Structure formats: C-alpha cells, structure tokens
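# Survey of secondary and tertiary structure
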Amino acid sequence: MGIWKRAYLYITRKKVRSILLFFIFLVVGLFLLTGISIRKSAGEEADNFRKTLTTGVRVESIAGSVPYEDIIDENGEKVIDYKASLIREHHIEEFLAIEGVSGFYCNNLQSETAYTGLTLHPGFNSRCLDIIDGKASLGETVSEEEIEYMVENRKCYETDARSNRFLMTYDSEWNPAFINGGVELVEGRHIRVNDEAKVVISDEVANKNGIKVGDQITAQLSDVFTGELYGRKYETEIVGIFHINFDQAVLPDKTYENDILANTFFSTPDIDSWSRREYQVEYGYTVHAPVSDDVVCLMTIFVEDPVYLDSVKEKLLAMDSIDWEYYTFGVYDKDYQTAAAPLLSMMKVSNLLVIVPAVGILVILYLVLAIWMRSRKNEIGILISTGMKKNALRQQFLLECCSIAAAAFFTALLLSGPVTKLAGNGLQKMFYSSGETEKYEVEIEMYTSDMYINLLPPKEGEALLYEVTWREACTVFLILVGTAAAAVLASSAELTGQKPREILGKR
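Residues numbered from 1 in each chain as written. Predicted model: local features only at pLDDT ≥ 70, side-chain atom pairs only at ≥ 80, totals over all residues. Heavy atoms only, no water.

So, about the overall build of the protein chain. Within the protein chain, the secondary structure is distributed over 16 helices and 15 strands. Taking the intrachain contacts of the protein chain between residues at least 6 apart in sequence as the baseline, contacts between residues at least 24 apart amount to 79%. With the model as given, the accessible surface of the protein chain reaches about 26,400 Å², and the carbon-plus-sulfur share is 55%. (Helix = DSSP H or I, 4+ residues; strand = E, 2+ residues; numbered from the N terminus. Contact = heavy atoms within 4.5 Å. Areas by Shrake-Rupley, 256 points an atom, 1.4 Å probe, with all protein chains shown as cover.)

Notably, N194 is not glycine yet its phi reads approximately 80 degrees, a positive angle. Tracing the chain through its elements places N194 in the loop between β7 (183-188) and β8 (198-202). Its identity as a non-glycine residue notwithstanding, A197 has a phi of 50 degrees, on the positive side. By secondary structure assignment, the location of A197 is in the loop between β7 and β8.

Here we come to the nonpolar core. Within the largest apolar cluster, 49 residues are counted, with the highest numbers of intra-cluster contacts made by I87, F95, F104, I201, L316 and W324. The element contributing the most residues to this core is strand β10 (residues 229-244), with 4 residues. (Core = buried A, V, L, I, M, F, W, Y, C linked by side-chain atoms within 4.5 Å. Buried < 20%, exposed > 50% of the residue type's maximum accessible area, 1.4 Å probe, protein only.)

As a further point, take a negative patch on the surface. A contiguous patch of negative charge on the surface is contributed by E144, E145, E146, E148 and E152. Locating E144 in the fold gives a position in helix α5 (residues 144-152). (Patch = residues over 30% accessible without salt bridge, like charges linked within 9 Å, V, L, I, M, F, W, Y side chains within 5 Å. Salt bridge = Lys/Arg side-chain N within 4 Å of Asp/Glu carboxyl O. Lys, Arg positive; Asp, Glu negative; His and termini not counted. Charge placed at Lys NZ, Arg CZ, Asp CG, Glu CD.)

Moving on, we come to the pairing of strand β11 (residues 264-267). Because side chains alternate across β11, one face comprises the buried residues T264 and F266, and the other comprises F265 and S267, equally buried. Alignment of strand β6 (residues 163-168) against β11, held across 4 bridges, turns out to be parallel. Paired with R165 across the two strands is T264, which belongs to β11. As defined by bridge partners, β8 adjoins β11 across 2 bridges and the pair is classed as antiparallel. Of the residues in β11, the one forming a bridge with V199 is S267. (Pairing = 2+ DSSP bridges.)

Taken together, the side chains of Y279, Y283 and Y285 define a hydrophobic patch exposed on the protein surface, amounting to about 320 Å² of accessible area. Assignment of secondary structure puts Y283 in helix α9 (residues 270-283). Note on Y283: relative accessible area 35%, which makes it partly exposed.

The 4 strands lie next to each other as β4-β12-β1-β13, forming an open sheet whose pairing is antiparallel. The two strands at the open ends of the sheet, each matched to only one other strand, are β4 (101-106) and β13 (327-332). Direction aside, the axes of adjacent strands within the sheet are offset by 20 degrees on average. Of the strand pairs in this sheet, strand β1 (residues 55-61) and β13 are connected by 6 bridges, and their pairing is antiparallel. Paired with R58 across the two strands is G330, which belongs to β13. Sitting on the sheet, helix α10 (residues 309-317) touches β1, β4, β12 (298-303) and β13, and the angle it makes with β1 is about 35 degrees. (Axes fitted to C-alpha atoms, helices over the stretch in contact; angles between N-to-C directions.)

Under the defined criterion, the tally for this structure stands at 0 disulfides. Here C402 stays unpaired: no disulfide links it, and the sulfur of C401, its closest cysteine neighbor, is 5.9 Å away. What makes C402 buried here is its relative accessible area of 17%. (Disulfide = S-S within 2.5 Å.)

For the structure on display, the rule yields 15 salt bridges. With a closest N to O distance of 3.5 Å, D215 and K212 form a salt bridge. Linked through salt bridges whose partners overlap, the residues forming this network are E69, D81 and K83.

Pairing analysis gives 5 bridges linking strand β2 (residues 68-72) to strand β3 (residues 78-82), with the strands arranged antiparallel. If you follow Y68 over to β3, its bridge partner there is Y82. Here β2 folds back onto β3 in antiparallel fashion, the turn holding 5 residues, of which G76 has a positive phi close to 80 degrees.

This part takes up the packing of aromatic side chains. Geometry of an aromatic ring pair is reported as the spacing of the ring centres plus the angle between the planes. The full count for this structure, using the stated rule, is 21 aromatic pairs. With centroids separated by 5.0 Å and ring planes inclined at 55 degrees, the aromatic side chains of F178 and F266 adopt a geometry described as tilted. A residue pair is termed long-range when its members are at least 10 positions apart, and F178 in helix α7 (residues 176-179) and F266 in strand β11 qualify at 88 residues. For F178, a relative accessible area of 11% translates into the label buried. On the basis of an interplanar angle of 65 degrees and a centroid distance of 5.1 Å, the ring pair of F409 and F410 is categorised as edge-to-face. Judged by its relative accessible area of 5%, F409 is buried. (Phe/Tyr/Trp six-rings, centres within 6.5 Å; stacked < 30°, edge-to-face > 60°.)

With that settled, the discussion passes to the environment of Q216. By the secondary structure assignment, Q216 is in strand β9 (residues 216-222). Sequence separation between Q216 and K198 is 18 residues; the distance between their C-alpha atoms is 9.1 Å. Apart from residues lying up to four places away in sequence, Q216 is in contact with E235, T236 and E237.

Structurally, the position occupied by S61 is in strand β1. Each C-alpha atom, one on S61 and one on Y326, is 5.7 Å from the other, the two residues being 265 residues apart in sequence. What S61 contacts, discounting residues up to four positions off in sequence, is C297, Y326 and Y327.

This is the structure we're talking about:
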C-alpha cells in the first residue's frame, strides 16, 4: 500500500483527529489572512495621510550643553556670548535653499500678551466686568467676597479684557496652525522671514473693530497686579487676516481673553525684544541688549515629500558653519501621528493577529502531534519492522498533516472576506470611537502658557477595502504548510529514530 493511500485512509478513519487538526489550521489561517489584510489596508490609508500631511526634520539644541558667558556691553546692557557656532536667524535662508525644503518653523518662539484696546471675543475678564456692572447673573458660584475682590481689581479686568496674545513666528504660513488647517489666511499675506512689526489677525477681531489689512495696531504692556499701562508703545501693521475653521471651546468663567484663538495675533519676533526691554526697564532689571541675529534653539525644517528627510539632514550636517555636536535630530510628524492614530492602532492589533498565531501554531501542533505520535507507536513499529523506510513513514505523516493544512487554508481563504470585513469594521469602530466632534483643539501649556492648535483624531474613518493578493495568500499557505511540516518532523523524530524492538517494547 502506497503512502498516499495510507495517508488517505488514516485521515478518513480518524475523523475526530482530522477534524480537530483541520479546525486548528482553519482558525490560524483566518487569523493570518485577516491580520495581513487589515494591516495592508490600514497601512495604505495611513500612507495616504502621510502624503497629505506635512512632515519635516526636527532640530533641537541640547539643553545646557552650549557654553556661554554673560557680558556687559559699552551701553551697560547684558549680552549672552555663546562659545560655539550655533544656528542663527541668517541660516534660515540657507535652509530654505536646500533641495526638497518647503518651509521653516521655529518652535522656541513663544508669545507675548499686550494691551491693544481692541474689542475682543469675550472671556473671563469680560464676564467679571459684567458681574461688577450687574449685567450678568451671579449664579451660585460667585460669593460676595469674590465680587468685592472684582470691584477692587476692576482696572486689571478692564486691561486684560482688551489684551491680545501675540504668537511669534518667522513665517506664519508654516506655523502648525496653518499647516494642519486649523486656521487659514483669507485676506492679505503671511508674515515672512525678515519682516518687522507685522501681524496677522483674526477676521472676528477685524470685523468687531472695523480694521483691515494695512491698518496699524498699537500695543502696550501692563502691570499684572494693578492693570496700569507702562513703557513705550509698540506699533505694528496688519498684513493679513485669518479665519478659524473650528469652534474653540470657550468657558466664560475659565477661559481668559488672551487664551482665545480669535484674540490671537500671529506676530513677527521683534515684539519679544520690545516686551523684554520695556519690562526690564520698568522694574529695574539688567537690560538685555537687542539681538539682531538671534539663536534658533528648536526648529522644524519642512520637506516637500518624506523621501527628502534623509537627504535634507545630510545637507544640514554638511554645513560646517554650525557646530552640530550641540544639536539632536528627529522627525516632525505630529499631525500624521494624530490623524493616523486609529489606523496605526489597527496595524498594531493586526500584527498581533499575524505574529501570535504564527508562533502559537507551531507550539500547539507540536504538542498535539506529539500526543498522537505516541498513540501510533505500535503502528510505527510494525510498519518499520515490515520493511517500510523511515523516510517513507515521515512522508506519510507529512502528507497527512499538510493535506489537512491545505484544505483548511482554502476554506479560510473562502471565509476570509466576510471575516476580515467584520473584524476590520469592528476595529475601526473601536479605535475611532474616541475621536472628538471637533477636528481641532486649542491647548494652553500649563507652565509656559504657550498656545498650540492641535489636530484631533478623526471621529470616523473612511471605509477600508480589505483585499488579499496572491502573494499574501501564498505567504499564508507556506506558513501553514511549513509549520505543519516542522511540527510533524519534530514530533515524530523520537519514534522514527528508534528501532522496531525499542518502539514495540515500550509500554
């Protein structure tokens, strides 16, 4: 009797064992096909996100590692003398000239708050003034003591209710808020590198105050405790107007006017020197000398396509006018990581659907087949004693197991379509369910008061098309058959390696 017929008879007569083995292969095959298909579809969609969202090379100075010395110049003003060749403002033009570079954003520029006298989107300070004037209901949260405090500090509320945040940038077009679509320019132009005393304001503030592109805005600092204005005024020109593409969550009893995006101005960096100098003069601190070519500590160099990331980094390192030992490099893909977060989570889960079964099947099959081989020791001993070659015996075992694995694979292939769709839709619902209704949020950092306009994960994802290519199907088939063969050889090695007398003599 040939090995083919003997394998066929064993499979058909040992139905329970064969069905159990078939079920194991079927489940594993479905896991593999489902995992590969979900990962492929989610990966393709994530790549589409990457192509539509801007990425760049992130460059950051190593904190505390740059040697420097504080010196006093001939005017009695403090100057920081760095003992290394650092990135400075004049390097920005060199960076923008690199092939593949599309824009530049400096992350270490912060913001200033200054009184403009403009009518703003109302917040906490406006509410306090309404309470003082009896124009707002007190509710149960405002005590008489709090009202007395408000009356005593009315000047502060009046000043702060008309104070704007000036968010500094070298080029407003490449501010993350414009890149991720949270705001868009609707009139005029962006702030550009080397501009001075220029701002881009919101259309809400422009409409409330009847101001337009080309008009001047005057800003002045105020005492945080008294609300009194002090120092020289800062004159700046409106060069652009932006529109906000989402509704910021504003709580009148908690959100201050300068934390409202509509009241925020994108400003040139020179406002920082003005603000710092006026503050130091007013309160008697050592005055810092103006810096005409300031240091850039943290920046992102945006690229036209992610494929340019490595080449841009190489060209940066080739600039010997900068001591690169004081900098670290990374990748800026914050918007991508946010927008594609559900898809990336789906890919992680799908990886588990592939890796865990692929590893587990070998262990399970080995244990199951090892038990079955021991139950077939008499059969093995008799067949070997009658002259059957051990290789032929191994081939029979391989044929039995691999035939069941092949049948299970084709069944899994037929079932994989609806199973994958069901599993994929379930994962999408699970990971997208945490998405917010709004697409963006305004974040105010607790300790620095810096403002960030963040892209939020989408509430719902696009329907994914789950397909299994022939290459992927062949990969799963080879995994099933290969693990089956490995398990058979491993589990049968002990018995087939013995003599008939040793096998039959064991109890």
